[in-house]
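Fold and geometry: a report
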Amino acid sequence: MKIGLFIPCYVDAVYPEVGMATYRLLRHLGLDVTYPNGQTCCGQPMANAGFERQAVPLAKKFETLFQGFDYVVTPSVSCTAFIRLNYPRLLDHECETAKRCMDVVEFLHDVVKLGDTEGTEKTEGTEKRPRLGSFPHKVSLHNSCHGVRELGLSSPSEQHVAKFNKIRDLLQLVDGIEVVEPERPDECCGFGGMFSVEETAVSAQMGRDKVERHIATGAEYITGPDCSCLMHMEGVAKKQGLDIKFKHVVEILAAGL
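**Some thoughts on the sheet that holds strand E3 (residues 71-74)**
Across the sheet, 4 strands lie side by side as E2-E1-E3-E4; this open sheet has parallel pairing. Edge strands, defined here as strands with exactly one partner in the open sheet, are strand E2 (32-34) and strand E4 (101-103). Neighbour-to-neighbour, the strand axes of the sheet open up by a mean angle of 35°, direction not taken into account.

Spelled out as structure tokens, the structure:
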């Protein structure tokens, strides 16, 4: 299984440690991972701002760069959702590369089957499930909107479905961790890309509300699958002088490896 690692531009520029943790974790699991040179933005900012035509050359470059890989894995639910759901329309053809693009959480859970607790209980016994790193802290789980409603990483509260959370399943493989969720667990943090620029006051208030709910859990850290949400909440927390730390979920999964 050949994996192409896609590191979104904001991860590369602002949170390179997340990209490195993703690579380290995939290699630790014995996977064949390649980081193709010449990567660019996936085009999401342009498209979200109403300039879809400017995103088309980036979509074409992505498709060419990642041809030949069985999966394209990235530590970003928003970029994954944009690529998988919008590239076929932007490129006006069936895009096999976009179909194979997966967020690292869904890849580890659904393809590598690390978080498949039901399957391991039936076949090997829960005690034989693989362990990852160690993170002896109380962590509040943030479910990003793209992850919940477009990638299906967790169950949306507005639907009458059995509750599940693939992020939590993976975090349970980390030694010493205590995972909690805030009240209104899948409510938006207020970032929303262009929304945070065009509706600054509303975005900031949503961020404050969300951070306060996370802090109310007693957690030391807030974690989630998307750096943009974490960046927004971290900015809110720092401005308010709130005592809470932030880590992308893949950093926790790779901690201590």
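**Considerations on the packing of helix H4 (residues 52-65) against helix H5 (residues 77-91)**
Contact pair H4 / H5: the axes reach a minimum separation of 10 Å and the direction vectors enclose 105°. What the angle tells us is that H4 and H5 run roughly perpendicular. When H4 is examined against H5, the residues Glu52, Ala55, Val56, Leu58, Ala59, Lys60, Phe62 and Glu63 are found in contact with a partner set consisting of Ile83, Tyr87, Arg89, Leu90 and Leu91. Tallied by class, the residues present in the contact of H4 with H5 amount to 9 nonpolar, no polar and 4 charged.

**What about the nonpolar core?**
Counting 61 residues, the largest nonpolar core has Tyr87, Leu108, Leu171 and Leu253 as the members making the most contacts within it. The contacts of Tyr87, once residues within four sequence positions are left out, are Cys42, Leu58, Ala59, Phe62, Phe82, Asp92, Cys95 and Ala98. One finds Phe191, Val211, Cys229 and Met233 within the second-largest nonpolar core, a separate group that totals 11 residues.

**Some words on unusual backbone geometry**
Positive phi, close to 60°, is recorded for Asp92, a residue that is not glycine. Note on placement: Asp92 falls in the loop between H5 and helix H6 (96-99). With a phi angle near 70°, Lys113 is a residue other than glycine that sits in the positive phi range. Within the secondary structure layout, Lys113 lies in the loop between helix H7 (104-111) and helix H8 (117-123).

**Considerations on the pattern of salt bridges**
If you walk through the whole model with that rule in mind, you get 11 salt bridges. With a closest N to O distance of 2.7 Å, Glu106 and Arg84 form a salt bridge. Linking Glu106 in helix H7 with Arg84 in helix H5, this pair joins segments that are 22 residues apart in sequence. Here Glu106 falls in the buried class, since its relative accessible area comes to 3%. The exposure class assigned to Arg84 is partly exposed, which follows from its relative accessible area of 22%. The partner of Glu187 in a salt bridge is Arg213, and the shortest N-O contact between them spans 2.7 Å. With Glu187 in the loop between strand E6 (178-180) and helix H11 (194-198) and Arg213 in helix H12 (residues 200-215), the pair connects residues that are 26 residues apart, well separated along the chain. Residue Glu187 is classed as partly exposed on the basis of its relative accessible area, which comes to 27%.

**What about the pairing of strand E5 (residues 138-141)?**
Where E5 and E6 come together, 3 bridges link them in parallel fashion. Each bridged residue has a counterpart across the sheet, and for Val139 the counterpart in E6 is Val179. Inspection of the sheet shows E5 paired to strand E7 (residues 221-224) by 3 bridges, in the parallel sense. Paired with Leu141 across the bridge in E7 is Thr223.

**Let's talk about the sheet that holds strand E8 (residues 245-248)**
An order of E6-E5-E7-E8 is seen for the 4 strands of this open sheet, with the pairing classed as parallel. At either end of the open sheet lies a strand with only one pairing partner, and these are E6 and E8. If you compare each strand with its neighbour and ignore which way they point, the axes differ by 35° on average.

Conventions and cut-offs
- Residues numbered from 1 in each chain as written.
- Predicted model: local features only at pLDDT ≥ 70, side-chain atom pairs only at ≥ 80, totals over all residues.
- Heavy atoms only, no water.
- Pairing = 2+ DSSP bridges.
- Helix = DSSP H or I, 4+ residues; strand = E, 2+ residues; numbered from the N terminus.
- Axes fitted to C-alpha atoms, helices over the stretch in contact; angles between N-to-C directions.
- Parallel < 35°, antiparallel > 145°, perpendicular 65-115°, else oblique.
- Contact = heavy atoms within 4.5 Å.
- Nonpolar A, V, L, I, M, F, W, Y, C, P; charged D, E, K, R; others polar.
- Core = buried A, V, L, I, M, F, W, Y, C linked by side-chain atoms within 4.5 Å.
- Buried < 20%, exposed > 50% of the residue type's maximum accessible area, 1.4 Å probe, protein only.
- Salt bridge = Lys/Arg side-chain N within 4 Å of Asp/Glu carboxyl O.

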